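What the coordinates show
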Amino acid sequence: MKVRTAPALLILLAAPLLAQAPTPLVHSSDLGFAYAIPSEWQVVDASATLPTMQQQMTQNAASDDTKKGIGCALVVLNARHGNPASVITVTALPFECFKQEMTEKDLPGFASEASEGLKQILDITDPVDASYTLGTHPVWIERAKGTAKAKPELHFSVETACTLLKKAAVCWMTTAADDAALQTFEHGAVTLDQEAPTELVPPTAFDKKAS
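Residues numbered from 1 in each chain as written. Predicted model: local features only at pLDDT ≥ 70, side-chain atom pairs only at ≥ 80, totals over all residues. Heavy atoms only, no water.

**Section: the packing of aromatic side chains**
This model, assessed by the stated rule, comprises two aromatic pairs. With a centroid separation of 5.5 Å and 75° between ring planes, the pair formed by F33 and W172 is classed as edge-to-face. Linking F33 in strand β3 (residues 33-38) with W172 in strand β10 (residues 168-176), this pair joins segments that are 139 residues apart in sequence. Pair check on accessibility: F33 and W172 agree, each one buried. A centroid spacing of 6.3 Å and a plane angle of 65° characterise the contact between Y35 and W172, whose relative ring orientation is edge-to-face. Taken together, the residues span a long stretch of sequence, with Y35 in strand β3 and W172 in strand β10 at a distance of 137 residues. Of the residues examined, W172 reaches a relative accessible area of 2% and is grouped as buried. (Phe/Tyr/Trp six-rings, centres within 6.5 Å; stacked < 30°, edge-to-face > 60°. Helix = DSSP H or I, 4+ residues; strand = E, 2+ residues; numbered from the N terminus. Buried < 20%, exposed > 50% of the residue type's maximum accessible area, 1.4 Å probe, protein only.)

This is the structure we're talking about:
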């Protein structure tokens, strides 16, 4: 994954009046997408823990296809901010590894598998599903409430948005401890297959229920 500073904002940093403004970082993937988050979010390397998580999830997998998907899954971005920490994670399933085609109807199942790790640490309630499009790409989204199993006094907004690209299926997920973190997740600029950048979750995202 390549991390680069948005060029226009890099120029603006020279202006004294904007010197204290956070600079979004654009996290790009050769799978065909880019996603921007504020620079004050700490990017965490998940490569050390991913194999253990995949092994645990594979043991509970219900089918060989699910096991294969878990083995091919990549954590493209894992970032956290605040205390208690809000977390944004981007996972991808490269088609070159998975060797199977996916359609829009597969997105809810993929999203469920991608967020399986959250269910081990959070009690998830009140899920609401919807669908929308970003450019030519269908997006399936779910918003729910989460309570930490280890610390029931901690509550989060849990949101997962998944789409299909030319090279991969991709899910953006957040456990947001406050509204500011949720807004950061939803308003992050995303570019899909070189189409025009747009915010990840538009204001009308939940107007249409998922079919």
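There is more to say, and it comes next.
**Some remarks on unusual backbone geometry**
N83 connects to P84 through a cis peptide bond whose omega is 5°. Note on placement: P84 falls in the loop between β5 (74-81) and β6 (86-94). Unusually for a residue other than glycine, D126 sits at a positive phi of about 55°. Within the element layout of this structure, D126 appears in strand β7 (residues 122-134). Taking the relative accessible area as the measure of exposure, D126 reaches 49% and is therefore partly exposed. Positive phi values are uncommon outside glycine, yet D193 reaches one of about 50°. For D193, a relative accessible area of 15% translates into the label buried.

**Considering the state of the cysteines**
Considering all chains together, one arrives at two disulfides under this definition. Each sulfur of the disulfide joining C72 and C97 lies 2.1 Å from the other. Of note, the bridge from C72 to C97 carries an S-S torsion of about -75° and is left-handed in sense. You can see C72 sitting in helix α3 (residues 64-72) and its partner C97 sitting in helix α4 (residues 95-98), a full 25 residues away along the chain. In this model C162 forms its disulfide with C171; the gap between the sulfur atoms is 1.8 Å. What sets the handedness of the C162 and C171 disulfide is the S-S torsion sign, and at about 105° it is right-handed. Taking relative accessible area as the criterion, C162 reaches 0% and is therefore assigned buried. Within the protein chain, bonded cysteines paired by disulfides and numbered along the sequence follow the pattern 1-2, 3-4. (Disulfide = S-S within 2.5 Å.)

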